[in-house]
Amino acid sequence: MKKGKRLECLDEKGRMTFVAAVLVSTLWLFLSVQGCTPVMDSNADHYPNVLIIYTDDLGYGDVGCYNPESKIATPHIDRLASNGMLFTDAHSPASICTPSRYSLMTGRYPWRRIDRIVFPFGPSLIGEDELTVPKVLKEKGYHTALIGKWHLGWDWNWRGGVRPPEDQITSGGHSLVTADLLDFGQPVTGGAMGAGFDYYFGQDVPNFPPYAWMENGKFLSKKLVQLKAEEIESIAFRGSIHGDGPGEPGWRFDEVMPTLLGRAVSYLREMKYVKEPFFLLFATTSPHTPVVPVSEFHGKSEAGFYGDYIQQLDKEVGEIMRVLEETDQLRKTLIILTSDNGPEAIVKDVVANYGHRSMGPFRGVKWDVYEGGHRVPFIVHWPGVVKPNTKSDALISQLDIMATLASFVGVQLPADVAGDSYDFLPLLRQESTAAPRENLLQSTGSGMDRVFALRHKNWVYINANSGRLPWGAKLWFNEYERNRGVVPHDEPDELFDLSKDPEQRYNLVREERKLADEMRILLNTLLGS
């Protein structure tokens with residue numbers, strides 16, 4: 001990595017190139033926003049803007065306001081929490097990426113549609129006839145934008161108009177696609193645009209090809225070449241790159257987040273001059289692998305490059321807040337900051353080498369149905385509605401964002417839509433302290449390996465011998481957790497009382513067999529609903 005790399009471009013030529021791109025994009029965005037003609041609501045200018053900062057693999061213990069013993073400084077996120085509401089029992093819909101993003105968009109449990117991630121060059125997961133959060137808000141006159149990671153598939157333009165057999169596209173989740181198989185000169189359809197976003201800018205998944213910028217379905221580079229994964233990976237500090245594939249010449253992973261931040265800032269500045277409210281999903285690619293903090297942050301944390309990358313993320317959150325305040329939009333913007341799942345298993349090295357627990361006081365990491373895999377930071381900042389420095393221990397899920405946003409803009413959702421989503425607006429308005437739900441399902445794996453967990457009040461039932469899939473680097477945590485007091489067992493299922501055992505050390509299925517059976521029946525009933 002070149003020395004002196006900060007949040008701006010490396011040199012004068014690169015800086016001018018980036019500025020030119022932003023200016024062109026801003027001009028296009030201004031014209032497109034002015035020209036958009038949604039079905040307008042007479043109250044549209046009274047609705048708040050909505051900004052969701054959707055981080056990638058950020059753990060419960062990675063943020064200072066959730067973890068007093070954190071080795072990572074997050075002053076900007078902490079300030080967001082101190083001026084808003086911090087939820088201590090909030091959950092991603094799944095413990096992996098794509099399923100959580102699907103549920104965030106639709107208010108439906110992911111297992112109703114998908115049980116794994118979308119692999120490189122996968123097709124659109126959300127149909128254009130499926131109701132989503134951006135479509136709900138567009139009904140009320142919102143301009144909708146996604147800047148960052150999508151990872152819910154696109155309808156790619158295959159040469160000859162026919163999608164090749166899957167074994168020619170991926171193997172073991174790694175791309176086999178070469179640049180000559182796709183027509184990158186034609187706009188890609190479906191994806192974020194088909195799901196209801198008026199504007200999209202991003203690189204679909206940080207460690208997947210194509211390694212290239214896309215704006216509204218069009219690739220910005222006029223020529224994509226075949227890039228070798230190992231050559232790109234040599235720039236990264238950690239993580240698996242999912243195969244060779246098409247990309248922009250000279251692609252750098254460490255420039256992804258600074259570029260996304262630049263586009264988000266440009267969008268927010270432009271929206272100052274637009275009468276209609278906006279919905280922006282700013283989906284960061286950090287701290288997901290590859291872990292690539294820019295040089296400004298090297299050595300700044302006490303948790304290695306992983307911690308440095310989160311401190312960069314924190315500063316980027318601070319920049320978003322600064323721009324909202326500078327443009328007088330902060331006071332009329334509802335902000336939600338959360339994460340798509342718990343920390344990736346690479347944090348085993350962070351635990352071992354730095355003593356920093358990304359999962360906080362909980363057991364489990366990404367892919368696990370133990371709490372650490374899906375209990376995530378969830379902060380709501382809404383001036384004039386949410387009182388500063390408040391906390392809620394109510395059980396909520398990102399599934400509930402759909403019903404909550406629909407509620408405050410007055411959209412009545414159809415009975416067969418977002419049925420897994422519950423309105424937590426009364427919590428935000430301090431009209432109630434009660435959780436909107438008593439039950440919450442989690443799942444991991446697929447096929448015969450699929451594992452479900454049911455949360456009912458303070459109890460968690462897992463319909464397998466373990467809430468962890470038996471593979472990968474995650475197995476390091478088995479020994480680590482035993483050293484922390486997790487008691488091994490040979491029971492076919494698990495039952496935990498979170499009110500007494502938040503780290504899920506003691507399986508109570510023998511002592512509470514009747515309760516376990518009742519929860520198993522409830523789980524199967526909910527799965528069949």
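Residues numbered from 1 in each chain as written. Predicted model: local features only at pLDDT ≥ 70, side-chain atom pairs only at ≥ 80, totals over all residues. Heavy atoms only, no water.

1. Some thoughts on the overall build of the protein chain
Part 1 of the reasoning: Each helix and strand counted, the protein chain has 13 helices and 20 strands in total.
Part 2 of the reasoning: Scored against the burial criterion, the 529 residues of the protein chain give a buried share of 60%. (Helix = DSSP H or I, 4+ residues; strand = E, 2+ residues; numbered from the N terminus. Buried < 20%, exposed > 50% of the residue type's maximum accessible area, 1.4 Å probe, protein only.)

2. Overview of the sheet that holds strand β15 (residues 390–392)
Part 1 of the reasoning: As summarised here, the arrangement of the ten strands in space is β9-β8-β7-β4-β12-β1-β13-β14-β2-β15, forming an open sheet in which the pairing is mixed. Strands at the two margins of the open sheet, each flanked by one partner only, are β9 (218–219) and β15.
Part 2 of the reasoning: Sheet analysis places strand β4 (residues 143–148) next to strand β7 (residues 199–202), joined by three bridges and oriented parallel. Within the sheet, the bridge partner assigned to isoleucine 147 lies in β7 and is phenylalanine 201.
Part 3 of the reasoning: Its contacts with the sheet put helix α2 (residues 75–82) on β2 (85–87), β13 (333–339) and β14 (378–381), and the angle it makes with β14 is roughly 60°. (Pairing = 2+ DSSP bridges. Contact = heavy atoms within 4.5 Å. Axes fitted to C-alpha atoms, helices over the stretch in contact; angles between N-to-C directions.)

3. Notes on the layout of surface pockets
Part 1 of the reasoning: There is about 720 Å³ of room inside the second largest pocket.
Part 2 of the reasoning: Around the second largest pocket, the lining is made up of 36 residues, and of these His242, Glu344, Lys366, Trp367 and Trp471 lie nearest the centre.
Part 3 of the reasoning: Taken together, the residues that form the lining of the second largest pocket break down as 13 nonpolar, 13 polar and ten charged. (1 Å grid on protein atoms, 1.4 Å probe; cavity = no way out; pocket = protein on both sides within 12 Å on 5 of 7 lines; lining within 4 Å. Points joined across faces, edges and corners; volume = space filled by probe spheres on them. Nonpolar A, V, L, I, M, F, W, Y, C, P; charged D, E, K, R; others polar.)

4. Some words on the nonpolar core
Part 1 of the reasoning: Within the largest apolar cluster, 126 residues are counted, with the highest numbers of intra-cluster contacts made by Phe87, Trp150, Leu281, Phe282 and Phe378.
Part 2 of the reasoning: With residues up to four places along the chain from it excluded, the contact list for tryptophan 150 reads Arg101, Met105, Ile126, Gly191, Ala192, Ala195, Phe197, Tyr200 and Asp204. (Core = buried A, V, L, I, M, F, W, Y, C linked by side-chain atoms within 4.5 Å.)

5. Concerning the packing of helix α9 (residues 347–354) against helix α12 (residues 476–483)
Part 1 of the reasoning: Taken N-terminus to C-terminus, the directions of α9 and α12 make an angle of 40°; their axes are 11 Å apart at the nearest point. Our classification of the angle between α9 and α12 gives oblique. For the pair α9 and α12, the crossing hand works out as left-handed. Facing α9, whose interface residues are Val347, Lys348, Val351 and Ala352, α12 presents Trp476, Phe477 and Tyr480.
Part 2 of the reasoning: The residue inventory of the contact of α9 with α12, partitioned by class, reads six nonpolar, no polar and one charged. (Parallel < 35°, antiparallel > 145°, perpendicular 65-115°, else oblique. Left-handed = near helix turned anticlockwise from the far one by under 90°.)

6. What to know about the confidence of the model for the protein chain
Reading predicted coordinates in detail is not appropriate for stretches of low pLDDT.
Part 1 of the reasoning: Looking at the protein chain as a whole, the pLDDT averages 90, with 90% of positions reaching at least 70.
Part 2 of the reasoning: Of the regions scoring below 50 in pLDDT, residues 1–40 engages in 66 contacts with residues more than four places distant in sequence or in other chains. (pLDDT = per-residue confidence, 0-100.)

7. Thoughts on helix α13 (residues 513–527)
Part 1 of the reasoning: Taking 1.5 Å as the rise per residue, α13 with 15 residues should run 21 Å; its terminal C-alpha atoms sit 21 Å apart, in good agreement.
Part 2 of the reasoning: Those residues of α13 lying buried are Leu515, Ala516, Met519 and Leu523. Down the axis of α13, the buried side of the element spans an arc of 100°, and every buried residue falls inside it. (Expected span 1.5 Å × (residues − 1). Arc of directions from axis to C-beta.)

8. A look at empty space enclosed by the protein
Part 1 of the reasoning: A full pass over the atoms with the stated rule returns six cavities of 30 Å³ or more.
Part 2 of the reasoning: When its volume is computed, the largest cavity comes out at roughly 80 Å³.
Part 3 of the reasoning: Around the largest cavity sit 15 residues that line it, and Phe119, Pro120, Phe121, Trp156 and Asp204 are the ones nearest its centre.
Part 4 of the reasoning: Class assignment for the residues of the lining of the largest cavity results in eleven nonpolar, three polar and one charged.

9. So, the environment of threonine 259
Part 1 of the reasoning: Position of threonine 259 among the secondary structure elements: in helix α7 (residues 256–271).
Part 2 of the reasoning: When the C-alpha atoms of threonine 259 and glycine 202 are compared, they prove to be 8.8 Å apart, with 57 residues separating the residues in sequence.

10. Focus on the packing of aromatic side chains
Part 1 of the reasoning: Within this structure, the stated rule accounts for 24 aromatic pairs.
Part 2 of the reasoning: Taken together, a centroid distance of 6.2 Å and an interplanar angle of 75° make the contact between tyrosine 370 and phenylalanine 496 edge-to-face. Here the residue tyrosine 370 occupies a position in the loop between α9 and β14, and phenylalanine 496 occupies one in strand β20 (residues 494–497), the gap between them amounting to 126 residues. For the pair tyrosine 370 and phenylalanine 496, one class covers both residues: buried. (Phe/Tyr/Trp six-rings, centres within 6.5 Å; stacked < 30°, edge-to-face > 60°.)

11. Some words on the pairing of strand β19 (residues 459–462)
Part 1 of the reasoning: What you see with β19 is no split at all: Trp459 and Tyr461 on one side and Val460 and Ile462 on the other are buried throughout.
Part 2 of the reasoning: Bridge count for strand β18 (residues 451–456) against β19 is four bridges, and the pairing is antiparallel. For leucine 454, the partnering residue across the bridge sits in β19 and is tyrosine 461.
Part 3 of the reasoning: Joining the antiparallel neighbours β18 and β19 is a turn of two residues, in which lysine 457 adopts a positive phi near 55°.
Part 4 of the reasoning: Here four bridges tie β19 to β20, and the two strands are oriented antiparallel to one another. Bridge pairing links valine 460 to phenylalanine 496 in β20.

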